[in-house]
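# Structure at a glance
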Amino acid sequence: MALHVKKGDKVKIIAGDHKGTEGIVLSVNATNGKVKVQGHNLAKKHVKPSRQNPQGGRISVEQPIHISNVLPVHPKTGKGTRVRFTIDAKGKKIRQAVDGTEIAVVRRAST
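The text that follows walks through the structure, step by step, so that each part is easy to find. (Residues numbered from 1 in each chain as written. Predicted model: local features only at pLDDT ≥ 70, side-chain atom pairs only at ≥ 80, totals over all residues. Heavy atoms only, no water.)

### Points about the environment of Asn29
Looking at where Asn29 falls in the secondary structure, it is placed in strand β2 (residues 22-29). Taking the C-alpha atoms as reference, Asn29 lies 20 Å from Ile94; in sequence the two are 65 residues apart. A polar contact of 2.7 Å, which involves the side chain of Asn29, links it to the side chain of Thr31. At 3.5 Å, the side chain of Asn29 and the backbone nitrogen of Asn32 are in polar contact. (Helix = DSSP H or I, 4+ residues; strand = E, 2+ residues; numbered from the N terminus. Polar contact = N/O pair within 3.5 Å; in protein donor to acceptor, adjacent residues only side chain to side chain.)

The structure is reproduced here in structure tokens:
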């Protein structure tokens, strides 16, 4: 099954506590239908002191959001848009916005 969002896409959250906000997709879990969006749906995690975190304490981590609650941002209008899949002349599958504009990955998310 083809998913309408990929890692690195800029998405708009359309449901839940963060409705109306935008962020970059950090990861996509296709089997569970979940995505992690940078800076949204944060939870506190208690960690022991380690080399990476010598002080220990509480850190904020992104929790997954259901994939149906996000839409890719249209490259021209900046609003959330639905996605269609088409096949070009070379036989390559392309994600397109409903108006026919190709949706490209904004940038690769760094984790």
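Having seen it, we continue.
### With respect to the environment of His4
On the secondary structure map, His4 appears in the segment before β1 (10-13). On the basis of relative accessible area, His4 is assigned to the partly exposed category, the value being 23%. His4 sits 93 residues away from Ala97 along the chain, and the two C-alpha atoms are 10.0 Å apart. Leaving out residues up to four positions away in the same chain, His4 has contacts with Asp9, Ile67, Val70, Pro72, Val83, Phe85 and Arg95. (Buried < 20%, exposed > 50% of the residue type's maximum accessible area, 1.4 Å probe, protein only. Contact = heavy atoms within 4.5 Å.)

### Digging into the layout of surface pockets
Estimated volume of the largest pocket: approximately 170 Å³. Forming the walls of the largest pocket are Lys6, Phe85, Asp88, Lys92, Lys93, Ile94, Arg95, Glu102, Ile103, Ala104 and Val105. Element by element, the count of residues in the lining of the largest pocket is highest for strand β9 (residues 93-97), at three residues. Along the lines of polarity and charge, the residues of the lining of the largest pocket split into five nonpolar, no polar and six charged. (1 Å grid on protein atoms, 1.4 Å probe; cavity = no way out; pocket = protein on both sides within 12 Å on 5 of 7 lines; lining within 4 Å. Points joined across faces, edges and corners; volume = space filled by probe spheres on them. Nonpolar A, V, L, I, M, F, W, Y, C, P; charged D, E, K, R; others polar.)

### Topic: the side chain of Arg95
With respect to the secondary-structure elements, Arg95 resides in strand β9. Of the polar contacts made by the side chain of Arg95, one reaches the backbone oxygen of His4; its length is 3.0 Å. In terms of polar contacts, Arg95 uses its side chain to reach the side chain of Asp9, at 2.7 Å.

### Digging into the pattern of salt bridges
What the rule picks out here adds up to two salt bridges. A salt bridge links Glu22 to Lys10, with the shortest nitrogen-to-oxygen separation between them at 3.5 Å. Taken together, the residues Glu22 in strand β2 and Lys10 in strand β1 connect sequence positions 12 residues apart. Judged by its relative accessible area of 32%, Glu22 falls in the partly exposed class. Look at Lys10 and you get partly exposed, because its relative accessible area is 34%. (Salt bridge = Lys/Arg side-chain N within 4 Å of Asp/Glu carboxyl O.)

### A word on the side chain of Thr81
Along the chain, Thr81 turns up in the loop between β7 (70-72) and β8 (83-87). By relative accessible area, Thr81 is classed as buried at 10%.

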